[in-house]
Amino acid sequence: MRRVRYDSPGGPLFMEKADIPEPGPGQLLVRCAAIGVTLPVVRKVREAAEPIPLGGELAGEVVAVGAEVTRFRTGDRVTGLCFGHGYAEYAVLDQAMASPVPEGATEVDAVALVRGGLVALGALSAARPEPGESVLVTAAASGVGHLAVQLARARGAGRVVGAVSDPAKAPFVRSLGADDCVRYGDESWGEPVDCVLDAVGGELLTPALAALAPHGRLVAYSSGGGTVRAYDLLGGAKSVIGFQMALIARGRPELYERWRRELWGLFAEGSVRPVVHAEFALEEAARAHAAIDTRSNLGKVVLRP
């Protein structure tokens with residue numbers, strides 16, 4: 001089979017021939033039809049001290065199952081998170097990290113919706129917004145952010161604001177249902193909001209906290225790090241909440257499954273629509289990474305084997 005990997009920190013990415021893997025106990029072998037490209041993987045290629053397997057979101061058909069698999073069989077269409085080599089024609093998924101792709105949805109829909117949507121829905125839930133409260137989403141045009149904007153609206157936010165790096169992205173963000181769109185470099189982000197869902201971190205934490213109204217909550221789910229000063233929280237009785245999807249998937253599978261069902265339900269009724277910025281052939285993985293790294297994408301970036 002064909003597989004993408006790299007040999008040294010920062011790349012370059014290259015295509016190689018590899019053996020088709022064998023599924024172990026509790027694992028599925030999937031013929032990949034779509035692979036989602038994510039910012040955390042792009043960052044790891046650029047920053048990790050040692051090369052890592054290019055894992056992440058994928059969707060396709062189950063072609064073999066390992067021992068102890070009870071939920072799936074060959075021929076099923078599934079999507080899930082691969083922790084091994086996922087930029088490949090075939091990949092191994094743990095049964096616990098897989099979920100079915102329903103009728104009426106494509107594999108591209110699945111990689112654009114499920115993992116990013118679960119992160120967005122989890123971050124929104126962690127903020128505990130009351131009906132009618134306002135929500136601001138950073139990286140609002142990203143694979144996760146564009147879903148968070150729609151989910152905030154679908155869950156009853158009174159006002160939804162997107163924050164972006166480039167004002168040219170504002171029409172796209174408003175087309176998703178945002179009432180307003182601000183740029184990171186703006187002196188003010190407008191009227192204070194009750195909740196901020198932050199996917200950027202770093203230096204952006206300071207203006208993101210400043211955008212909160214008294215008693216506001218910021219949910220940090222970024223891999224970009226950053227530091228929050230306690231003093232910035234005290235005056236307005238503001239809160240910062242960390243969120244990581246992996247902890248939910250491992251520790252609260254019933255909640256993970258409930259959110260997954262909610263996502264597909266919203267998709268079926270048309271309340272949430274995943275947007276695909278571009279589809280790249282597997283051998284164009286470097287171009288797909290560049291689209292994420294330069295923040296040029298509007299929605300999800302997908303590889304097609």
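Scroll up a little and you will see the structure.
A brief structural summary. (Residues numbered from 1 in each chain as written. Predicted model: local features only at pLDDT ≥ 70, side-chain atom pairs only at ≥ 80, totals over all residues. Heavy atoms only, no water.)

### Description of the nonpolar core
If you look at the biggest cluster of nonpolar residues, it comprises 72 residues, and the most contacted ones within it are L197 and F243. Of the residues forming this core, the biggest block, 13 residues, is contributed by helix α2 (residues 107–127). Among residues more than four places away in sequence, those in contact with L197 are A123, L124, A127, V135, L136, V137, T138, A148, V219 and Y221. Listed in part, the 32 residues of the second largest apolar core include L28, V69, F72 and L93. (Core = buried A, V, L, I, M, F, W, Y, C linked by side-chain atoms within 4.5 Å. Buried < 20%, exposed > 50% of the residue type's maximum accessible area, 1.4 Å probe, protein only. Helix = DSSP H or I, 4+ residues; strand = E, 2+ residues; numbered from the N terminus. Contact = heavy atoms within 4.5 Å.)

### Points about unusual backbone geometry
The peptide bond linking G11 to P12 adopts the cis configuration, its omega dihedral lying at 10°. Along the polypeptide, P12 turns up in the loop between β1 (2–5) and β2 (14–17). Here R295, not a glycine, exhibits a phi torsion of approximately 60°, which is positive. Looking at where R295 falls in the secondary structure, it is placed in the loop between α9 (285–293) and β15 (300–304).

### Comments concerning the sheet that holds strand β8 (residues 134–138)
What the six strands build is an open sheet, ordered β10-β9-β8-β11-β12-β13; its pairing is parallel. Edge positions in the open sheet fall to β10 (180–183) and β13 (239–242), since each of these has one partner strand only. Neighbouring strand axes in the sheet, compared pairwise and without regard to direction, differ in orientation by 20° on average. As judged from the three bridges shared by β8 and strand β11 (residues 193–198), these two strands associate in the parallel manner. Of the residues in β11, the one forming a bridge with V137 is L197. (Pairing = 2+ DSSP bridges. Axes fitted to C-alpha atoms, helices over the stretch in contact; angles between N-to-C directions.)

### With respect to the environment of L205
Along the chain, L205 falls in helix α5 (residues 205–210). C-alpha of L205 to C-alpha of G226: the two residues are 21 residues apart in sequence and 6.9 Å apart in space. Discounting residues that sit within four places of it in the chain, L205 has contacts with D198, L218, G225, G226, T227 and V228.

### A few points about the packing of helix α1 (residues 39–47) against α9
Running from amino to carboxyl end, α1 crosses α9 at an angle of 105°, the nearest separation of the two axes being 10 Å. Judged by the angle between their axes, α1 and α9 are roughly perpendicular. Contact residues: L39, V41, V42, V45 and R46 in α1; H289, I292 and D293 in α9. Of the residues belonging to the contact of α1 with α9, the class tally is five nonpolar, one polar and two charged. (Parallel < 35°, antiparallel > 145°, perpendicular 65-115°, else oblique. Nonpolar A, V, L, I, M, F, W, Y, C, P; charged D, E, K, R; others polar.)

### Some points on the pairing of β11
The buried count for β11 comes to five of six residues, which makes it a mostly enclosed element. Inspection of the sheet shows β11 paired to strand β12 (residues 212–220) by five bridges, in the parallel sense. Bridged to D198 within β12 is A220. Since β11 and β12 lie parallel, the crossover through α5 that links them has a hand, and here it is right-handed. (Right-handed = clockwise from strand over helix to strand, strands pointing away.)

### Points about the pairing of strand β14 (residues 276–281)
Sheet topology note: the β14/β15 ladder contains five bridges and is parallel. Following the sheet pairing, E279 is matched in β15 by V302. The handedness of the β14 to β15 crossover, carried by α9, is right-handed.

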